Amino acid sequence: NGKNPGTRDVLSKYRAQHMDPVLKVLALVTLGSYVAYTLSAATIEHFGSSTLVYTTPFVAFGLWRFFKIVSVHDEAQSPTDTMIRDLSFVLNVALWSILVTAIIYFKI
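Conventions used here
- Residues numbered from 1 in each chain as written.
- Predicted model: local features only at pLDDT ≥ 70, side-chain atom pairs only at ≥ 80, totals over all residues.
- Heavy atoms only, no water.
- Helix = DSSP H or I, 4+ residues; strand = E, 2+ residues; numbered from the N terminus.
- Contact = heavy atoms within 4.5 Å.
- Core = buried A, V, L, I, M, F, W, Y, C linked by side-chain atoms within 4.5 Å.
- Buried < 20%, exposed > 50% of the residue type's maximum accessible area, 1.4 Å probe, protein only.
- Expected span 1.5 Å × (residues − 1).
- Patch = residues over 30% accessible without salt bridge, like charges linked within 9 Å, V, L, I, M, F, W, Y side chains within 5 Å.
- Areas by Shrake-Rupley, 256 points an atom, 1.4 Å probe, with all protein chains shown as cover.
- Salt bridge = Lys/Arg side-chain N within 4 Å of Asp/Glu carboxyl O.
- Polar contact = N/O pair within 3.5 Å; in protein donor to acceptor, adjacent residues only side chain to side chain.

> Please explain the environment of Phe 61 as it appears in this structure.
Positionally, Phe 61 belongs in helix α3 (residues 56–72). Counting along the chain gives 32 residues from Phe 61 to Val 93, while the straight-line C-alpha distance between them is 9.6 Å. Not counting residues within four places of it along the chain, the set of residues in contact with Phe 61 comprises Ser 88 and Asn 92.

> For this particular structure, what's the right way to read the nonpolar core?
Soluble globular proteins tend to bury their nonpolar side chains together. Residues Tyr 34, Phe 47, Leu 52, Val 59, Val 100, Ile 103 and Ile 104 constitute the largest nonpolar core, which totals seven residues. Per-element accounting of this core gives the leading share, three residues, to helix α5 (residues 87–106). Every residue in contact with Val 100, bar those within four places of it in the chain, is listed here: Tyr 34, Leu 52 and Thr 55.

> Teacher, can you tell me more about α5 here?
Counting along an α-helix, one turn takes 3.6 residues, and residues three or four places apart therefore face a common direction. Look at α5: 27 Å from first C-alpha to last across 20 residues, which is about the 28 Å you get at 1.5 Å a residue. Those residues of α5 lying buried are Phe 89, Asn 92, Val 100, Ala 102, Ile 103 and Ile 104.

> It is not clear to me how unusual backbone geometry should be interpreted in this structure. Could you clarify?
For residues besides glycine, phi is generally negative; the peptide bonds are generally trans as well. Here the phi dihedral of Lys 107 falls at roughly 55 degrees; this positive angle occurs in a residue that is not glycine. Following the sequence through the fold, Lys 107 ends up in the segment after α5.

> Help me out: how do you make sense of a nonpolar patch on the surface in this one?
A cluster of nonpolar residues, Val 10, Tyr 14 and Met 19, forms a patch on the protein surface that exposes about 260 Å² of accessible area. Counting through the fold element by element, Tyr 14 comes out in the segment before α1 (16–39).

> Whenever I open this one, the side chain of Thr 38 confuses me. Can you help?
By the element assignment, Thr 38 lies in helix α1. In this structure the side chain of Thr 38 is engaged in a polar contact, spanning 2.9 Å, whose partner is the backbone oxygen of Val 35. Setting aside residues up to four positions removed in sequence, Thr 38 forms contacts with Thr 43, Ile 44, Leu 52 and Val 53.

Take a look at the structure:
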């Protein structure tokens with residue numbers, strides 16, 4: 001692209017002020033879906049635990065951190081590359097994974 005070397009052409013089609021509300025709505029829908037999943041009778045029966053809902057703060061933090069990363073790091077070619085280098089995001093995923101594993105396999 002001739003306008004801004006080093007960025008993807010498709011990015012010129014989006015306006016940040018339009019994308020922010022969409023990202024926020026999608027984050028809330030994602031979080032609500034996760035909570036509904038953890039509280040569903042089928043999930044509780046499948047995993048034998050009703051405590052998966054306690055992992056929600058990790059998901060909320062992950063969504064918030066993702067939003068911050070894509071909002072602040074405009075120069076990033078890939079938000080995914082930035083996320084996997086973000087210590088707080090990676091630590092959050094690790095802690096979420098440990099807690100989910102403990103709930104499912106050790107029935108905490």
